[in-house]
Structure formats: C-alpha cells, structure tokens
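Geometric and topological summary
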Amino acid sequence: MSSENGPEQGGAQDAPPEQLALIRESVRKAKTPRAKPRTWRGAALAKELPVARVLVDKGVLHLDRYFDYAVPEELDADAQPGVRVRVRFGAGRHRVRDGRREGGGLIDGYLVERLAESDYAGPLAALAQVVSPERILDEELLGLVRAVADRYAGSLADVLQLAVPPRNARAEKRDSPQPLPAPPAPEPGSWARYEQGAAFVEALASGGAPRAVWNALPGPQWTQELARAVAATLASGRGALVVLPDGRAVARADAALTALLGEGRHAVLTADAGPEKRYAQWLAVRRGAVRAVIGTRAAMFAPVRDLGLVALWDDGDDSHSEPHAPQPHAREVLLLRAAQDRCAFLLGGWSCTVEAAQLVETGWARPLVAGREQVRAAAPLVRTVGDQDLARDEAARAARLPTLAWQAVRDGLRHGPVLVQVPRRGYVPRMACAACRTPARCRHCSGPLEGQESGSALRCGWCGREEGAWHCPECGAFRLRAQVVGARRTAEELGRAFPAVPVRTSGREHVLDTVSDSPALVVSTPGAEPVAEGGYAAALLLDGWAMLGRPDLRAGEDALRRWLAAAALVRPQSAGGTVVAVAEPTLRPVQALVRWDPAGHALRELAERAELGFPPVSRMAAVAGPPEAVTGFLDTVELPREAEVLGPVPLPVTAPGRPRRVGAPPPGEHWERALVRVPPGRGAALAGALKAAQAARTARGSDTAVWVRIDPPDIG
DNA sequence: AGCACGCCGACT
DNA sequence: GTCGGCGTGCTC
C-alpha cells in the first residue's frame, strides 16, 4: 500500500478514507485520459464491488444522474445500498497535491448500488464518509421518487428531499418497537352501508388489490371505515398508508385506528412532531416495525413495507398539493405508488373531484357508493335561498339573512348547535353593487374595492387608493353591499340576534376541534368547522354565490366540496338536521348539494373538461417568467408533436400584501405565462421534454430562469 | 451552483 | 511572451 503518491504520510490510520484513493497524477498530462479504464494503485479498496453508485443530493436538473465513487476498504462494510454518504463533489479537474485530492466540497448523497466496475472512464474519487449504516433508500422508494420526478418534470434530489426526512442521530440510535403479528380481519362494520363495501374490505383482507373511489356518506363514520380498511390490509399481512388533508383529520383517523387496533400498530406522520420524533417514526416504518401509517401530505412517501393499500381522504383539499418543488399532489403520488406496488387504492371523501371521476370513468377504479336510501337516511335536508327568494324577502334586504335562514337557525338552536359557514375571514372584504351586483372595482387599476373596519372609506385591494365616491359603472346605483361577509361580522350580527346563545368562531388563526351538543352558534370558515358531538342541528351556508363567482376551473367543485363538508356534520334529516344554502338553486353545484350527488356533479364537470380540452383529461404545464425567457424556452423545448402552446400572456397583477403560496414564482414585473397542453397519454412525453429543456437552460447559466409547473392549479 | 480551462486582446 | 478578461462545460 506504499507508494510515492504517499497517502500514508502522517499515518494511514489518521488519513480520511477519501485520501486513500489514488488519483493518477498523469491524468492531466496524458492527452487521451479517458481512453482506457483506470486501475487502482495505492489505495486499499473494497475487495468486492469496489464501485459505489451515488445519487448526489443537489437539486439541480442537469445533475440528475448518478456518479460513481470508489469504496475504500474501511467503508466496505457500511457502504451498503441505501445508506447516506458524503462525497467530494466539485468543479473541473481537481488539483492533486501530495497525493491527496482537493477542491470540491463535501456534499450529501445516497448510495444507490454497489458495482464491480464503473462505466465512467476517468479516475474515481473515493467515498468520503458513510454517514450512518442505516439503509434508508431502497429500490422501491427510489423508484417512487424517480416516478414522481418524471411525472412532474422535477429533479430526483428535489423529490428525495420531500420523501426522506432529515436524519436525526438520536432517533437512529433508538430501537424501534418489535413488529406485532397481523391482527384478525375486521368485520365490515358500517362499510355494509355501501353497495360494494363489504366486498371491498374482504378483498383487502384476502390480499387483493381493489381500487375504489369512495363517496362517503355524511356523518362521522368515515374514520372508522378508513380504520377498517387499514385493519383488513394488515390482516392480509401487508402494510397500509392513509393520507389526510390536515392535522385534525389525522387526529380523528388516529383515534379510530387506536380504538379498532390498539396502540402500536400504526405510526402518525405529521409535520408538527419534532425532528427527532418524526425521524424515529419514519425509521420505525422503514424498519418494518410499524406496518400502517396515517399522516398529512408528507406521509405520501412513507416507506411502508409490503404496501397493500394507499388511501387518500378528500383529495380536493388543496393542502394535498405539496408547496415545494416540483409540487406533487398526494393523489398523483399515491396513484404512482398503487401502480408501482400493485396495491389497493382508496380515494375517499364526501365530495368528488373531476380527477376521481376520471379514475372511475376510465375504469381504473370502481365506484364505492351507497344506494339512494342510505344517502337519504344519512343526509340532512338541504334547502336553498336564491335571488328570487331574496327579492321577495323584505327582511332579507334589511338584515343580511333571508327569512328561511333565520327560521332554520332559530329552530336548530332549540335542539343543538348550529353551524354557520362563512367563506372568508376578515371584515367585508369584497364589495358589489347592491342593485346589479357588479363587483366594485378601483377606477385606477380595476382592483377589487374592499370595505374597511366599520364605517370608513373603501380602499382598493391592489393599489391601496381610497375610493370616496363610488357609483356603479353598469347601472349607476350608489349603494354597495358586502359580497362576502367575514366571520367576525357575521358572528356579531348573529350574536345580537340571539343574545341568549353563545357564539363561537373557528377560523384560520383559531380552529376549534369539537363543540358540545348544547345550543350554540358556531361561525366557521370552510375547512375549520368543528365537529359537533351529536351532529349539528342545522347549518347555514352563506354567500354561496360569492364562492361560485371565482373565475376558476374548480370554483363549482370547490364550493360543492365545502358545502358538503359542512353539511356532513349535520344530523340526518330524520333527526331534524337542516341545511340552508344561500345560493342560486339553478346552479349545478347547488343542485348537486340538494340532491347530495357529488359523483354526478364531477362526471358532468369531467365531460365538460373533456370537450374543452381541459385537465385532467388533457395534461397541462405552465411556463412562467420574463417574456424573453418564456419565448426563449419555448423556442428550445422539443415538445411532443401533439403539444399545443397557449399564450404566452401577461400574468395577472398579483395584489400586494396578499399571501403567496410557497413555491409560487417569486414576484416578477411583467411576467408572462404560457400553457402547454397535450392529449391524454402524452403527459410523460411533455414532462420529459420540459425537463430536458429546463436542464439545458440551467446548465447554460446565462439564461434567466423560467418556472415550469405541471398541473398548474390556477388556470382559469 | 462553483470552478477550471482556454481562447482572445493589452501589457511589462 | 504572459496576464487576465469572461464564455463554456464539467462535476464520478
């Protein structure tokens, strides 16, 4: 091991392993350095499989490939596939001085594979360090990460950061619990209410892989049904994964699972656990000590062993969209897992997205639905108040609440809590003409005029200018009405109307989990509705027409989803449960609410999208950035033949001070956006083309960046 | 992203 | 000659 290249000076014992690899000094002198494979001299390398294929953890597209490193003898035992490693990774050719290699910093990576030889012609650097012998990245997880990166035109390293939590040495030292033997198969329980419910649970228990879109009946039983699906999968000797939209839903599913299976059979993966606990839970899953996982979106990558079931609750909730690049959606990730692992798939919710409807329509999944009589038995009575009713209703114009709504609240309060769903927090955010309902807009920039704290003037939500003398440009009227009235104001008004009843509010900054069965007014924004122990006696869905007014593809679907989520917390009609929706009864989502038919609504939306060439029937990608950058990108990208480029068009001005989604493009002056659309089946080709063009672009470095987003959420 | 290489013009 | 500008390309 001695040689004039002298890695030994100072004693081989003390030298870091990386220095033990010999790097031929003659490389620079030789005119054809790559002509022949290198031989190793002077370094003690692993006797078997001395090459380590490493995935370098750097989120740059053109680095989205593996690099080969030499495995020093000392690291041979620990350097197993799946471990975290550190390697020297740097630019250009390295200086070789005193036989040691310099330049290039130490960066993290994952050892993907051990090989007998490398197909890289140059000399290999040595692994610097095996961070820990814990093998965390197996072939299956790597395959999933790659599939997600491909689907979303993102880099492996970016997706890897979403999939693997940061290491925590203390958690790694802890022993995971002993795995428990499979539990007995559960009874179908309330799954019996669904036409294919019992069969679905039996299929899971017997090792099958059924795929279903589940339209859950209103009421609290969905958590038990999820728990039974998990238990049945465990009974078959396989693992299960359930992803839910928020911490509260996870807590409910957790309670149901614990009630059915006891402690220790499932792990809860949520963001709010500390890093040590989070990693310990993740490791317990990775090690196979825990076979079932429930959690919020980050759990979609959980390395469950022998995956038998992936389940997702309420896929229309936008918190299922990962805000970090490449912004994968939990539904799509779980679809990829179901395909890769050939496991069962359960997409459940009170509502139904067009994507879910498409899974049924294409025959990939079967509907898991209850018959009409079951729906009638579980759902509350839904009544609507539309414009014509309002026009006839003197009381409604004076106060903001129609008579029917007052009655429902008053009657409901005699029997229990009443839920009032208001679409947004704040204080009269948007104003419209009281006569014709034309939105009130700023005369300088056309931004929305917003009401201030009671009494003071109107102000533009975009440019901030005050408006002192508004009149309607359409009909000339001078009176305004609040288009959306926030929770605080509604709470004040209702509180005054029912002075004997406590008013509780639940919203973004303060979310109530549950309320008791005693009469109370519960004012909540969508998604923050507390669960009433015995169900709400009534619910009031306010300002529905404002919810539907958004110029967004999903406006109808979203409104219906939010209404159903509130209505599902109300007692069944047979127990007096009533829902009053202040919304135009001729509108499609309102009709779907009244008939409690989310699947039918989603199917009609899907047909319309197919006709218009909209997602999810076609696949779309957005390319955003400065105009020259966008056109430059579109000139270089080699799109699939069927691709259609729409735009580019200027991006709408974003209002100052408005919260911006993480991962959205940073503020840019005069940005443009183009949409690229491909027909069904060409999504992978589109993503591949965009990724290649993006890689070439960032490698060049001279060009300004463009933002590429597959499945852009806000196309209108 | 860094960082080195190399191909041009200006300089001791 | 050779110093150093930055444009180009590689990183095992």
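That block above? That's the structure.
Here is a short report on the structure shown in this document. The shown structure was predicted, so the numbers you read here are calculated from the model rather than taken from an experiment. (Residues numbered from 1 in each chain as written. Chains lettered and ligands numbered in written order. Predicted model: local features only at pLDDT ≥ 70, side-chain atom pairs only at ≥ 80, totals over all residues. Heavy atoms only, no water.)

1. Observations concerning the sheet that holds strand β27 (residues 578-581)
Read from one edge of the open sheet, six strands run β15-β27-β26-β16-β24-β22, paired in parallel fashion. Strands at the two margins of the open sheet, each flanked by one partner only, are β15 (381-384) and β22 (503-506). Taking the axes of each pair of neighbouring strands and ignoring which way they run, one obtains an average angle of 20 degrees across the sheet. Here strand β16 (residues 418-421) runs beside strand β26 (residues 538-541); their pairing, made up of four bridges, is parallel. Bridging from a neighbouring strand, Leu419 pairs with Ala539 of β26. Set on the sheet, helix α13 (residues 403-413) makes contact with β15, β16, β24 (521-524), β26 and β27; between it and β26 the angle comes to about 155 degrees. With respect to the sheet, helix α16 (residues 555-567) is in contact with β16, β26 and β27, its orientation differing from that of β16 by roughly 165 degrees. (Pairing = 2+ DSSP bridges. Helix = DSSP H or I, 4+ residues; strand = E, 2+ residues; numbered from the N terminus. Axes fitted to C-alpha atoms, helices over the stretch in contact; angles between N-to-C directions. Contact = heavy atoms within 4.5 Å.)

2. Notes on the environment of Leu141
Considering the arrangement of structural elements, one finds Leu141 in helix α1 (residues 139-151). What makes Leu141 buried here is its relative accessible area of 3%. A sequence separation of 437 residues divides Leu141 from Thr578, and the C-alpha atoms of the two residues are 47 Å apart. Leu141 has contacts with Ile136, Ala163, Val164, Trp282, Phe301 and Pro303, leaving out every residue within four places of it along the chain. (Buried < 20%, exposed > 50% of the residue type's maximum accessible area, 1.4 Å probe, protein only.)

3. Comments concerning unusual backbone geometry
The step from Ala325 to Pro326 runs through a cis peptide bond, and the omega angle for that step is -5 degrees. Its location among the elements puts Pro326 in the loop between β12 (307-313) and α8 (330-341). Of the consecutive residues Gly647 and Pro648, the connecting peptide bond is found in the cis state with omega at 5 degrees. Phi at Gln327 is positive, roughly 60 degrees, even though this residue is not glycine. Here Gln327 shows up in the loop between β12 and α8. Exposure remark for Gln327: the relative accessible area of 10% places this residue in the buried category. One non-glycine residue with positive phi stands out, namely Trp596, at about 50 degrees. Mapped onto the elements, Trp596 comes out in the loop between α17 (588-595) and α18 (598-612).

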